[in-house]
Amino acid sequence: MSTLQIIITIAVVVGATMLTRFLPYILFPSEEKTPDYIRYLGRVLAPAIFGFLVVYCLKNVNFTGGSFGIPEIISIALVVVTFVWKRNMMLSMAVGTVLYMVLVQTVFA
């Protein structure tokens with residue numbers, strides 16, 4: 001890439017980032033009530049995305065061969081237990097990921 005192309009690329013990235021950060025504040029000023037559909041999306045999108053993430057992570061698991069999905073099942077169970085116990089999504093995902101990596105690297109290698 002030439003220097004001009006690099007500058008244009010950086011400018012576009014900075015502009016797009018600023019637009020995505022500032023647009024909600026421009027569209028929904030704090031002195032006005034947030035529309036109901038936006039509040040609805042705020043409630044349902046995080047669990048929906050988390051559900052899609054679970055489906056995506058399990059799409060290639062073979063429950064009929066290899067390790068029969070045992071590391072995945074154990075890790076998911078730990079994620080659920082940790083979340084119910086601590087109510088911290090980041091902690092539960094981190095604990096489940098670490099356990100999964102330990103299982104597939106050592107126990108089910």
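Everything numeric here is computed off the predicted structure, so don't read it as measured data.

J.: Describe in detail the layout of surface pockets, supporting the description with residues and values.
T.: Approximately 530 Å³ is the volume attributed to the largest pocket. At the level of elements, α2 (36–58), α3 (70–86) and α4 (89–107) are the ones that each hand at least two residues to the lining of the largest pocket. Ranked by the residues each element gives to the lining of the largest pocket, the list is headed by α4, at seven residues. Residues that form the lining of the largest pocket fall into these classes: 14 nonpolar, four polar and one charged.

J.: For the environment of T82, give the residues involved together with the corresponding values.
T.: Following the sequence through the fold, T82 ends up in helix α3. The buried category is assigned to T82, whose relative accessible area is 6%. Along the primary structure T82 and V104 are separated by 22 residues, whereas in three dimensions their C-alpha atoms are 20 Å apart. Non-local contacts of T82, meaning those with residues more than four positions away in its chain, are made with R87, L91, S92 and V95.

J.: Outline the pattern of salt bridges, supporting the account with residue identities and numerical values.
T.: All told, the structure shown has two salt bridges when counted by the stated rule. Salt-bridge contacts for K33 lead to D36; the nearest nitrogen and oxygen are separated by 3.1 Å. Among the residues examined, D36 registers a relative accessible area of 54% and is labelled exposed. Notably, a salt bridge pairs R39 with D36, separated by 3.5 Å at the nearest N-O pair. Of this pair, R39 and D36 both sit in helix α2, three residues apart, which is roughly one turn of the helix. Linked through salt bridges whose partners overlap, the residues forming this network are K33, D36 and R39.

Criteria and thresholds
- Residues numbered from 1 in each chain as written.
- Predicted model: local features only at pLDDT ≥ 70, side-chain atom pairs only at ≥ 80, totals over all residues.
- Heavy atoms only, no water.
- 1 Å grid on protein atoms, 1.4 Å probe; cavity = no way out; pocket = protein on both sides within 12 Å on 5 of 7 lines; lining within 4 Å.
- Points joined across faces, edges and corners; volume = space filled by probe spheres on them.
- Helix = DSSP H or I, 4+ residues; strand = E, 2+ residues; numbered from the N terminus.
- Nonpolar A, V, L, I, M, F, W, Y, C, P; charged D, E, K, R; others polar.
- Buried < 20%, exposed > 50% of the residue type's maximum accessible area, 1.4 Å probe, protein only.
- Contact = heavy atoms within 4.5 Å.
- Salt bridge = Lys/Arg side-chain N within 4 Å of Asp/Glu carboxyl O.

Purely spatial values, then, with no claim about function.
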